[in-house]
Amino acid sequence: MAGSSGRKPRQRYNTPGVVDGNLARKLDSRALERRLAAICRKAAMKVVSEDAKAIKVTEKDLEEYLGVPRYHPERQALEERVGVVNGLAWTSVGGELLEVEVNVVPGSGKVELTGNLGDVMKESAHAALSFIRSQTDRLNISADFYKEKDIHVHFPEGAVPKDGPSAGIAITTAMVSALTGTPVRRGLAMTGEVTLRGRVLPIGGLKEKTMAAFRNGIKTVIIPAENAKDLEEIDQTVRKALQFILVERADQVLAQALNRPLEVPAPRRRGRPSKNEALPDLPPAPQGEDSSRMSQ
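Residues numbered from 1 in each chain as written. Predicted model: local features only at pLDDT ≥ 70, side-chain atom pairs only at ≥ 80, totals over all residues. Heavy atoms only, no water.

K.L.:
Account for the overall build of the protein, naming residues and giving values.
P.N.:
Within the protein, the regular secondary structure consists of 11 helices and 11 strands. When the 296 residues of the protein are sorted by exposure, 39% land in the buried category. Counting contacts in the protein only where the partners sit at least 6 residues apart, residues at least 24 apart contribute 71% of the total. Here the protein has roughly 18,600 Å² of accessible surface; of this, 48% comes from carbon and sulfur atoms. (Helix = DSSP H or I, 4+ residues; strand = E, 2+ residues; numbered from the N terminus. Buried < 20%, exposed > 50% of the residue type's maximum accessible area, 1.4 Å probe, protein only. Contact = heavy atoms within 4.5 Å. Areas by Shrake-Rupley, 256 points an atom, 1.4 Å probe, with all protein chains shown as cover.)

K.L.:
Give me the sheet that holds strand E2 (residues 84-91): which residues, what numbers.
P.N.:
Read from one edge to the other, the open sheet built from 7 strands follows the order E4-E5-E3-E2-E7-E10-E11, with strand pairing classed as mixed. Across the chains shown, the open sheet's two edge strands, defined by having one partner strand only, are strand E4 (111-114) and strand E11 (243-247). On average, each strand axis in the sheet is tilted by 25 degrees relative to the strand beside it, whichever way the strands run. As paired elements, E4 and strand E5 (residues 149-154) share 4 bridges and run parallel to each other. Opposite Thr-114, over in E5, you have His-154 as the bridge partner. (Pairing = 2+ DSSP bridges. Axes fitted to C-alpha atoms, helices over the stretch in contact; angles between N-to-C directions.)

K.L.:
I'd love a proper account of the pairing of E11, names of residues and values included.
P.N.:
Sheet topology note: the strand E10 (residues 220-224)/E11 ladder contains 5 bridges and is parallel. When the bridges of E11 are listed, Val-221 appears paired with Phe-244.

K.L.:
Quick rundown of the packing of helix H8 (residues 168-180) against helix H11 (residues 250-257)? Include the residues and the values.
P.N.:
Two numbers describe how H8 lies on H11: the axes approach to 10 Å, and their chain directions differ by 60 degrees. Here H8 lies oblique to H11, going by the angle between them. For the crossing formed where H8 meets H11, the hand is right-handed. For the pair H8 and H11, contact is made by Ile-169, Thr-172, Thr-173 and Val-176 and by Val-253, Leu-254 and Ala-257, respectively. Grouping the constituent residues of the contact of H8 with H11 by class yields 5 nonpolar, 2 polar and no charged. (Parallel < 35°, antiparallel > 145°, perpendicular 65-115°, else oblique. Left-handed = near helix turned anticlockwise from the far one by under 90°. Nonpolar A, V, L, I, M, F, W, Y, C, P; charged D, E, K, R; others polar.)

K.L.:
Help me get a handle on H11, residues and values and all.
P.N.:
Three- or four-residue spacings in an α-helix give side chains the same orientation, since the helix completes a turn every 3.6 residues. Burial in H11 covers these residues: Ala-250, Val-253, Leu-254 and Ala-257. Taken end-on, H11 shows its buried residues confined to a sector of 95 degrees, consistent with a single buried face. (Arc of directions from axis to C-beta.)

K.L.:
Please set out helix H9 (residues 206-215) residue by residue, giving values where relevant.
P.N.:
Among all positions of H9, only Leu-206, Lys-209, Thr-210, Ala-212 and Ala-213 are buried. Buried residues of H9 fall within an arc of 155 degrees about the axis and therefore sit on the same side.

K.L.:
So, the pattern of salt bridges: which residues are in play, and what are the values?
P.N.:
Evaluation of the coordinates by the stated rule reveals 4 salt bridges. Salt-bridge contacts for Arg-81 lead to Glu-99; the nearest nitrogen and oxygen are separated by 3.1 Å. With Arg-81 in strand E1 (residues 81-82) and Glu-99 in strand E3 (residues 94-106), the pair connects residues that are 18 residues apart, well separated along the chain. Note that Glu-232 is salt-bridged to Arg-239, the shortest N-O span being 3.6 Å. Given a relative accessible area of 59%, Glu-232 falls into the exposed group. (Salt bridge = Lys/Arg side-chain N within 4 Å of Asp/Glu carboxyl O.)

K.L.:
Break down unusual backbone geometry for me, citing the residues and quoting the values.
P.N.:
Although it is not a glycine, Asn-116 adopts a positive phi angle of roughly 60 degrees. Take Asn-116: it is sitting in the loop between E4 and helix H5 (119-134). Take Asn-116: its relative accessible area is 37%, and that puts it in the partly exposed class. With a phi angle near 60 degrees, Glu-157 is a residue other than glycine that sits in the positive phi range. With respect to the helices and strands, Glu-157 occurs in the loop between E5 and H8.

Shown next as structure tokens:
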């Protein structure tokens, strides 16, 4: 684009992440092109009106060129909250940070799933709940919570359809956080499918998902161990900026994600006691019976 003087400004786009991060939550390539075109038009006007030889647009100048930022996704993503987990989703235009919110209130055991969810994602929520029910003693949760509490799982931006199994560990973590009142560590995101037995299965779109985490200021990403091979496909800049935690089981996810360790009861012992362990005292014999007689 040339001004009246016929000069064509050199264009260097070094901060597209800042442009799309400050102006929209989901910005495809066409929308990003429109934003950059708006910057170029205003820069060209300055070249003409002020007879400037060069125009440099930095992150600090974006508000002047594009208006007040509409969204600050990194602010909430980096907060420490109870019952809220940063999941990661794949879309046709790249990765996206996907929040999972869980609220627990007294009730009769109802489970509400909202946020325009598909069948697969609903199944992930029920699988997460079944896993938690099987681990109540280890998680310090009342064994009858599913009878006494209503659980509401919500994915914001309800106008956007959501589906897929990769939010399984995020839903599990959000549920446990809400049920125990334990905050989730700040600056953390995760992706992975969870099974009824608590296994964490691999997912797709890791490259795009990690880019979304990087763009939103996330520092740590929990991924399935079987996705370790996919780390080679991730951009080196993103790999250096993020810490990846590989997990195989849901309890490993909870240990890394929750801000304080949950109390885990000592495992039940089976078999004979060790030589150094004292035997329990025998109960007193009933009155009127021979104390030497063995019980049947």
